[in-house]
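What follows is the residue order along each chain.
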Amino acid sequence: MAAKEPFQPLGAPALGALSIARVASPLAGPGNAQPGPGTGTRPAAVVPAPDFAACQAMREDHELELWGNLDRCLTLPEALEYWRGTDYEERHLFLARLDGQPLGLCSVTLPLRENTARAGIDVLVGPHFRRRGYGRALLEHAESLARGRGRTSLDAYHEVPLGLVQPGSVMVPAKSGAGGLPLNDLATAFAMAAGYELEQVERSSTLSLPVPPDLLAGLEAEALAKAGDYELTGWDEECPADLLPGYAELKARMSEDVPTAGLDWEREAWDPAQCGRRSRPWYAVACNP
């Protein structure tokens, strides 16, 4: 991902040998059973279909290549749950093979209740198949699906570790806000060459655990000075029923409080049922005055 030269395709692929097939949405079954509401239990085993397993393996390989760990990667049970989609968003996953060998994937997410003019897209090509035109074929496949569903605004999200930004790199500035991405990053160059524009840059920070006691005490004191009479409430699995209305309102506010600049993004209409569905596989927290 941290190429030292600008992106240039090395030649068109032999498209006759390239196949792009829809990966069937995982269904709940004996090995993929989901926990019942409030049970706090997990299925004993997850047995994905071969194509789904290939996509998961490529995603994990990519995360290890980029970050050196899987901290930011969905686990297999989480991925199985995610790609089932919801009543609020369709999720389509595709696997590309060359002569039967997996080489990449693409995906399309389609909001169903608001933001119905947009689609989220993602393209991933294995290291040994990059810069040969396969990424463009996958991108065109995803774009075609989005256009066929009447979507006119496409967006994607890409991560670049700060340590890979070399001094003197030519940067692509964001159209709004601060920051930019290095043009010698293959994914950045790929998106620019395909006609996409960089609208915004987010910066994420991590706090390694365990936190040294002195540092933790200082961070806590700084937070308490600003917290006022707020208290921290946490839950595992599903959000408690008495907190759902307030949590739904917070999620709706946060969907528009974060600056979106020129992105075609509307306020999300979160309701209690949606919060309960979306928060189930993860741990969540909320602050209540």
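It should be emphasised that the depicted structure is a prediction, and the values quoted were computed from it without experimental measurement. (Residues numbered from 1 in each chain as written. Predicted model: local features only at pLDDT ≥ 70, side-chain atom pairs only at ≥ 80, totals over all residues. Heavy atoms only, no water.)

## Digging into the overall build of the protein chain
Cut-off, in case you're wondering: The way it works is that DSSP assigns letters per residue, a run of H or I at least four long becomes a helix, a run of E at least two long becomes a strand, and they are numbered from the N terminus. The cut-offs for exposure are 20% and 50% of the maximum accessible area for each residue type, with area from a 1.4 Å probe on protein chains only; residues under the lower value are buried, those over the upper are exposed, and the others partly exposed. Throughout, a contact is declared for two residues whenever any of their heavy atoms are within 4.5 Å. Residue burial considers only the protein chains on display, and all accessible areas are found by Shrake-Rupley using a 1.4 Å probe.
Across its full length, the protein chain carries 7 helices and 9 strands. Within the protein chain, the proportion of its 289 residues that are buried is 36%. Residue pairs at least 24 apart in sequence account for 66% of intrachain contacts in the protein chain once pairs closer than 6 positions are excluded. With an accessible surface of roughly 16,600 Å², the protein chain has 57% of that area assigned to carbon and sulfur atoms.

## Some details on a nonpolar patch on the surface
For clarity, the cut-off: Patch construction takes residues with relative accessible area above 30% that form no salt bridge. Like charges are linked within 9 Å, and nonpolar side chains (Val, Leu, Ile, Met, Phe, Trp, Tyr) are linked within 5 Å. Only one rule defines a salt bridge in this text: a Lys or Arg side-chain nitrogen within 4 Å of an Asp or Glu carboxyl oxygen.
Nonpolar side chains collect at one region of the surface, where L207, L215 and L219 lie side by side and expose about 250 Å² of accessible area between them. Structurally, L219 is set in helix α5 (residues 213-227). Classification of L219 by relative accessible area gives partly exposed; the value is 35%.

## Looking at the sheet that holds strand β5 (residues 153-155)
The following threshold applies: What makes two strands pair is DSSP finding at least two bridges between them. In this analysis, axes come from line fits to C-alpha atoms, helices being fitted only over the stretch in contact, and the angle between any two N-to-C directions falls in the range 0 to 180 degrees.
Strands sit in the order β1-β2-β3-β4-β5 across an open sheet of 5 strands; the sheet is mixed. Pairing within the sheet leaves two strands with one partner each, and these edge strands are β1 (18-22) and β5. Across this sheet, the average inter-strand angle for adjacent strands is 25 degrees, counted without regard to direction. Sheet analysis places strand β4 (residues 118-125) next to β5, joined by 3 bridges and oriented parallel. Counterpart to G120 in the pairing with β5 is D155. Helix α1 (residues 50-67) contacts β2 (89-98), β3 (101-111) and β4 of the sheet and is inclined by roughly 85 degrees relative to β2.

## Topic: the pairing of β4
We count it as follows: Classification remark: right-handed applies to a crossover when, strands pointing away from the viewer, the course from the first strand over the helix to the second runs clockwise.
Of all 8 residues making up β4, 6 are buried, and the element is well covered by its neighbours. As paired elements, β3 and β4 share 6 bridges and run antiparallel to each other. Bridging from a neighbouring strand, T109 pairs with G120 of β4. For the crossover from β4 across helix α3 (residues 134-148) to β5, the handedness is right-handed.

## Brief notes about helix α4 (residues 186-193)
Since there are 3.6 residues in each turn of an α-helix, residues three or four apart along the chain are aligned in direction. Within the span of α4, buried status applies to L186, T188, A189 and F190. Close packing links the buried residues of α4 with α3, β6 (171-173) and β7 (180-182).

## Some points on unusual backbone geometry
P210 follows L209 through a cis peptide bond whose omega is -5 degrees. Topologically, P210 is positioned in the loop between α4 and α5.

## As for the packing of aromatic side chains
Formally: What counts as a ring pair is set by centres within 6.5 Å for rings of Phe, Tyr and Trp (its six-membered ring), and what kind of pair is set by the plane angle: stacked under 30 degrees, edge-to-face over 60, tilted for all other angles. A ring is considered to have a charge above it if a Lys NZ or an Arg CZ atom is located within 6 Å of its centre and within 35 degrees of its normal.
Per the stated rule, a full pass over the model turns up 2 aromatic pairs. Where Y82 meets W83, the ring centres are 5.0 Å apart and the plane angle is 90 degrees; that geometry is what we call edge-to-face. Judged by its relative accessible area of 24%, Y82 falls in the partly exposed class. For W83, a relative accessible area of 15% puts it in the buried group. Where F129 meets Y134, the ring centres are 6.3 Å apart and the plane angle is 75 degrees; that geometry is what we call edge-to-face. Using a relative accessible area of 3% as the deciding quantity, one classes Y134 as buried. Taking NZ or CZ as reference, R72 lies 4.6 Å from the ring centre of W67, over its face.

## Remarks on the confidence of the model for the protein chain
Note the threshold: For every residue, the predictor assigns a confidence score, pLDDT, that lies between 0 and 100.
When the pLDDT values of the protein chain are averaged, the result is 82; 82% of them are 70 or greater. Per-residue pLDDT stays below 50 along residues 1-11; that stretch engages in 31 contacts with residues further than four places along the chain or on separate chains. Within the model, pLDDT remains below 50 along residues 28-44, and this stretch shows 25 contacts once partners closer than five positions in the same chain are excluded.

## Examining the nonpolar core
Worth spelling out the cut-off: Put simply, buried Ala, Val, Leu, Ile, Met, Phe, Trp, Tyr and Cys residues joined by side-chain atoms within 4.5 Å make one nonpolar core.
Within the largest apolar cluster, 20 residues are counted, with the highest numbers of intra-cluster contacts made by L18, L103, V108, I121, F129 and Y134. When contributions to this core are tallied by element, the ones reaching two or more residues are β2, β3, β4 and α3.

## Quick notes on the environment of G179
Locating G179 in the fold gives a position in the loop between β6 and β7. In this structure G179 comes out as partly exposed when scored by relative accessible area, which is 49%. Sequence separation between G179 and R203 is 24 residues; the distance between their C-alpha atoms is 8.8 Å. If near-sequence neighbours (up to four positions away) are discounted, G179 is found in contact with V172, P173, A174 and V201.

## Some thoughts on the pattern of salt bridges
In total, this model carries 12 salt bridges according to the counting rule given. Across the pair R59 and D122 runs a salt bridge whose closest N-O atoms are separated by 2.5 Å. Of this pair, R59 sits in helix α1 while D122 sits in strand β4, and the two are 63 residues apart along the sequence. On the basis of relative accessibility, which here comes to 23%, the residue D122 falls in the partly exposed class. Of the charged contacts, one joins E90 and R149 as a salt bridge, the two residues approaching to 2.7 Å between their closest N and O atoms. With E90 in strand β2 and R149 in the loop between α3 and β5, this residue pair connects regions lying 59 residues apart in the sequence. For E90, a relative accessible area of 23% corresponds to the partly exposed category.

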